[in-house]
Amino acid sequence: MKFEITTLDGAEAGSVELDEAIFGLEPRADLLQRCVRWQLAKRQAGTHQTKQRGEIARTTKKLYKQKGTGNARHGAASAPQFRGGARAHGPVTRSHAHDLPKKVRALALRHALSAKVKSAELIVMDDARLDEGKTKALKERFGKLSLSNALIIGGAELDQNFARAARNLPQIDVLPVQGINVYDILRREKLVLTRAAIDALEARFK
């Protein structure tokens, strides 16, 4: 699959041959949904917790004698039915992560890349470099490319000037190629891949 390459200034810079096995698949929504759900569950903190009976700082003295009062039998004020008592079956600190096979995750990434190609939301850039880390200068160049909501994937090492200039722009994410993931691809309108990123992806999936 032949794809045009552009520069950061919006000029043409030749073309590149994209691998059909990575960028030419028919996107499957079920795979994308499974991978996004796996990512979001894995990063969920799971630190919600309520106090159990043994964690309540209340006296354990019996409230009143067992028989003769006409009231229900109670042993301690930490019972859930009392004000200030424990919560019955409340949430506890736990991990929300679940397993997803490595092959499914790799396939979902290929389908996410293919989805961007199919919807004409992929841009291939020759390089992501700036002479100085100025946000204003980068914003002007993004205006030429109509980039206002995008994920930009660079090579193994990001240009520090480019990363510094882009981090002040809302809805613009910049990641090295080893950080590429399905959720970030789908949450942004445009996907921008540098030539180095494409070479790394093709080597990874070969």
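Residues numbered from 1 in each chain as written. Predicted model: local features only at pLDDT ≥ 70, side-chain atom pairs only at ≥ 80, totals over all residues. Heavy atoms only, no water.

Participant: When you look at unusual backbone geometry in this model, what are you seeing that I'm missing?
Facilitator: Of note in this structure, Ser146 is not a glycine but carries a positive phi near 60°. Its place among the elements puts Ser146 in the loop between α4 (135-144) and β4 (150-153). We classify Ser146 as exposed; its relative accessible area is 59%. With a phi angle near 65°, Gln171 is a residue other than glycine that sits in the positive phi range. Structurally, Gln171 can be placed in the loop between α5 (160-166) and β5 (172-175). (Helix = DSSP H or I, 4+ residues; strand = E, 2+ residues; numbered from the N terminus. Buried < 20%, exposed > 50% of the residue type's maximum accessible area, 1.4 Å probe, protein only.)

Participant: Explanation requested: the layout of surface pockets in the structure shown.
Facilitator: Which parts of space are left empty comes out when a probe the size of a water molecule is rolled across the atoms. In this structure, the largest pocket spans a volume of roughly 200 Å³. Considering the residues around the largest pocket, the lining is formed by 13 residues, among which Arg105, Ala106, Leu109, Ile180 and Arg204 are closest to the centre. Elements represented by at least two residues in the lining of the largest pocket include exactly α2 (29-43), α3 (102-118) and α7 (195-205). The biggest single contributor to the lining of the largest pocket is α3, with four residues. (1 Å grid on protein atoms, 1.4 Å probe; cavity = no way out; pocket = protein on both sides within 12 Å on 5 of 7 lines; lining within 4 Å. Points joined across faces, edges and corners; volume = space filled by probe spheres on them.)

Participant: I tried to follow the pattern of salt bridges on my own but got confused; where do I start?
Facilitator: A full pass over the atoms with the stated rule returns nine salt bridges. When the shortest N-O distance is used, the salt bridge between Arg28 and Asp30 registers 2.7 Å. For Asp30, a relative accessible area of 38% puts it in the partly exposed group. Of the charged contacts in the structure, one is a salt bridge between Asp159 and Arg129, with a shortest N-O distance of 3.5 Å. Of this pair, Asp159 sits in the loop between β4 and α5 while Arg129 sits in the loop between β3 (122-125) and α4, and the two are 30 residues apart along the sequence. By relative accessible area, Asp159 is classed as buried at 16%. Salt bridges sharing common partners tie together Asp173, Asp184, Arg187 and Arg188. (Salt bridge = Lys/Arg side-chain N within 4 Å of Asp/Glu carboxyl O.)

None of this, on its own, says anything about what the molecule does.
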